Amino acid sequence: MATVFLFRDDPYLFETDAVVTAVNDLGGIVLDRTNFYATSGGQPGDSGVLVAQDGAETAIATTVHPDGDKTEIVHVPAEDQGLPSVGSRVAVRIDKARRLRLMRMHTALHLLSVVFPFPVTGGSVGTEKGRLDFDMPEVPEDVAALEAALNGFVAADHPVVTEWISEDELDANPELVKTMKVQPPRGQGRIRLIRIGTGAATIDLQPCGGTHVRSTGEIGRLRIGKIEKKGRENRRVSLFFEEGKPN
Ligand SMILES: [Zn+2]
């Protein structure tokens, strides 16, 4: 049975409850539904805790899709944890501070891809730092201006919204694809799009399965770090929160 992905509709659902449907040979825990995001698309899986009805806690170190099966989510316990029993109900609590930073940085990387208008070849999201790799033969001359543009998007507090469309709708609206830097995945019927800004004032629109903040103001001020050469055509751009490391 596929896990219901609660974080898709509400990334701010930091606590919920669920039923344990399986515990695999490695101690990985499968729930009927979860708010824990599983590692994919450069965003790390959530950590947190599962709490049984008798109060017993199982610390979760990370969350993954087993064998690349994106319909299933496995909660991976930290070392030496007691495991909840199959069929029992547990409280499901995300490490909220960590996830919020990942949401802020993930959304910030969408903005980074706007100020660096080049094809994205890779990326990763961290709690202190994010990065995108671009197919960008030359480094833009005025990186300070790009950083100012980035912080302008943050200050303008643009809404970040999730939209679902069918592949048929997408085919009927080819201009939608044209505005996207990343081609949507095909073959699953529905495509999840993340729009930053509204209507004609849309700043960014791309298919994405990750978790994002509600509006760009929540990201906070950003600082563009090193731009490293990674191969002849590739440049890696690092991004940091201006506030620095978490406490
Ligand atoms: Zn995203």
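In this text, all values refer to a predicted model and were calculated from it rather than measured experimentally.

Visitor: Would you mind going over the packing of aromatic side chains with me for this structure?
Guide: Any aromatic ring pair is given by two values, namely how distant the centres are and how the planes are angled relative to each other. Summed over the entire model, instances satisfying the criterion amount to four aromatic pairs. Consider the rings of Phe7 and Tyr37, whose centres lie 5.3 Å apart with planes at 75°: the pair is edge-to-face. Taken together, the residues span a long stretch of sequence, with Phe7 in the loop between strand 1 (4-5) and strand 2 (15-23) and Tyr37 in the loop between strand 4 (33-34) and strand 5 (48-52) at a distance of 30 residues. You can call Phe7 buried: its relative accessible area is 2%. Judged by relative accessible area, which is 4%, Tyr37 ranks as buried. Grouped by ring-pair contacts, the aromatic residues Phe5, Phe7 and Tyr37 constitute a single cluster. The ring of Phe241 has Arg104 sitting right over it, with the charged end atom 4.2 Å from the ring centre. Its guanidinium or amino end placed over the ring of Trp164, Arg190 lies 3.8 Å from that ring's centre, counting from NZ or CZ.

Visitor: Would you take a moment to explain the environment of Thr211 for this structure?
Guide: Among the structural elements, Thr211 can be located in the loop between strand 13 (204-207) and strand 14 (222-229). Separated by 131 residues in sequence, Thr211 and Asp80 place their C-alpha atoms 29 Å apart. Those residues within four positions of Thr211 in sequence are excluded, and the remaining contacts are Phe7, Pro11, Tyr37, Gln43, Arg99, Met103 and His106.

Cut-offs used in this document
Residues numbered from 1 in each chain as written. Predicted model: local features only at pLDDT ≥ 70, side-chain atom pairs only at ≥ 80, totals over all residues. Heavy atoms only, no water. Phe/Tyr/Trp six-rings, centres within 6.5 Å; stacked < 30°, edge-to-face > 60°. Helix = DSSP H or I, 4+ residues; strand = E, 2+ residues; numbered from the N terminus. Buried < 20%, exposed > 50% of the residue type's maximum accessible area, 1.4 Å probe, protein only. Lys NZ or Arg CZ within 6 Å of the ring centre and 35° of its normal. Contact = heavy atoms within 4.5 Å.

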